[in-house]
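Letter by letter, the chains look like this.
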Amino acid sequence: MPNPSAKIFRGRVADQIVEDLREQILSGALPNGSRLPSERDLAASYDVSAPTIREAVRVLTAMGLITTRNGSRATVNAQGDTMLAMSIASVVQVEKVGAREVLGLLGALHAYAAELAAEHATDAEIVRLRESAEAIPGAEGVEATSVALHAFFATLGEISHNPLLAALCRFVNEMQIGLSVKLSGGEEGGWGQVAGALQPGRMRIVTAIGTRDPAHAADVVRAYHHQVVERLREVRPNRDTDADDHRLTEALGAWLRSNVGLGGQVPGAAGG
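For clarity, every value in this text was computed on a predicted model and none was experimentally measured.

### Some thoughts on the confidence of the model for the chain
Now for step 1: With 72% of its residues at a pLDDT of 70 or more, the chain has an overall mean of 80.
Now for step 2: Taken element by element, the predicted model of the chain shows its lowest mean pLDDT in helix α12 (residues 241–259) (57) and its highest in helix α6 (residues 123–134) (98).
Now for step 3: Across residues 261–272 the pLDDT falls below 50, and counting only partners more than four positions away or on other chains, this stretch makes 42 contacts in the model.

### Here's the deal with the pattern of salt bridges
Oppositely charged side chains may form a pair once their charged atoms are brought near each other.
Now for step 1: Per the stated rule, a full pass over the model turns up 5 salt bridges.
Now for step 2: The closest approach of N and O atoms between Glu39 and Arg54, which form a salt bridge, is 2.7 Å. Residue Glu39 is found in helix α2 (residues 39–46), and its partner Arg54 is found in helix α3 (residues 50–63); the two are separated by 15 residues along the sequence.
Now for step 3: Arg128 is the partner of Glu158 in a salt bridge, and the nearest nitrogen-oxygen pair spans 3.3 Å. One end of the pair, Glu158, is in helix α7 (residues 141–158); the other, Arg128, is in helix α6, and 30 residues separate them in sequence.

### Structural notes on the packing of aromatic side chains
Now for step 1: In total, this model carries 2 aromatic pairs according to the counting rule given.
Now for step 2: Between Phe152 and Phe153 the ring centres are 4.8 Å apart and the planes differ by 75 degrees, which places this aromatic pair in the edge-to-face class. Comparing Phe152 with Phe153 shows no difference in burial state: the two are buried.
Now for step 3: Summarising the aromatic geometry, the rings of Phe153 and Tyr224 are spaced 5.7 Å apart at their centres and angled 45 degrees between planes, so their arrangement reads as tilted. Of this pair, Phe153 sits in helix α7 while Tyr224 sits in helix α11 (residues 214–235), and the two are 71 residues apart along the sequence. For the pair Phe153 and Tyr224, one class covers both residues: buried.
Now for step 4: Members of the aromatic cluster, each reached through a chain of ring pairs, are Phe152, Phe153 and Tyr224.

Each value, and the rule that gives it
- Residues numbered from 1 in each chain as written.
- Predicted model: local features only at pLDDT ≥ 70, side-chain atom pairs only at ≥ 80, totals over all residues.
- Heavy atoms only, no water.
- pLDDT = per-residue confidence, 0-100.
- Helix = DSSP H or I, 4+ residues; strand = E, 2+ residues; numbered from the N terminus.
- Contact = heavy atoms within 4.5 Å.
- Salt bridge = Lys/Arg side-chain N within 4 Å of Asp/Glu carboxyl O.
- Phe/Tyr/Trp six-rings, centres within 6.5 Å; stacked < 30°, edge-to-face > 60°.
- Buried < 20%, exposed > 50% of the residue type's maximum accessible area, 1.4 Å probe, protein only.

Shown next, in the form of structure tokens:
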């Protein structure tokens, strides 16, 4: 049972409950995976009505801090990747961030990750990165290839030894992969052309990190991301710049709506 950490005053009572429960979740007082008390028990604990508790639960669900299912109590979902995904997705949609900005951000994140990896990754970690790159051509089909690509770039983020950077890379990379699959037409379109043609570039990234030259590693990653954008342009039939930008942004919005729901559930590597 959560213990209210502050007196609840009149006014936006639900907001105060949200903040109190949020603090208990983030501090670990309500650990990840634990179940919240029933609506009735929460109402009694905070001395408020059941509708007020329902409002607070809806807000916490939208934040990605808890998940709810019909017929069962809410469960704490305090996972860093999920919370980060919900936050980024919200900013992208509220601020009308375009797909080109997302693609550019990922290029910068990966370049920084490669720079740090060249400095801090162990030899064994670089071997692991190479193995994950070599596994990509053996993947068959859109889903398997998407998972293999996500694993490669997730490993790149991990061996940067910067947890925040790694988490950012994981989600933004997943957005790019999902977007690339959608824009290239998946199995029926040019997805294979995009993913397969860029394999030499991924191997160059591994080799560059192995040289232990941070600036060179970052440059190689930037060149790779430039190739990604060029390959996507080649497989898209619409070459009108304004229409193309609009299509990119529409595709990004559709991916976010499909993959980042109100419950904060972010699937693993669903799509470049």
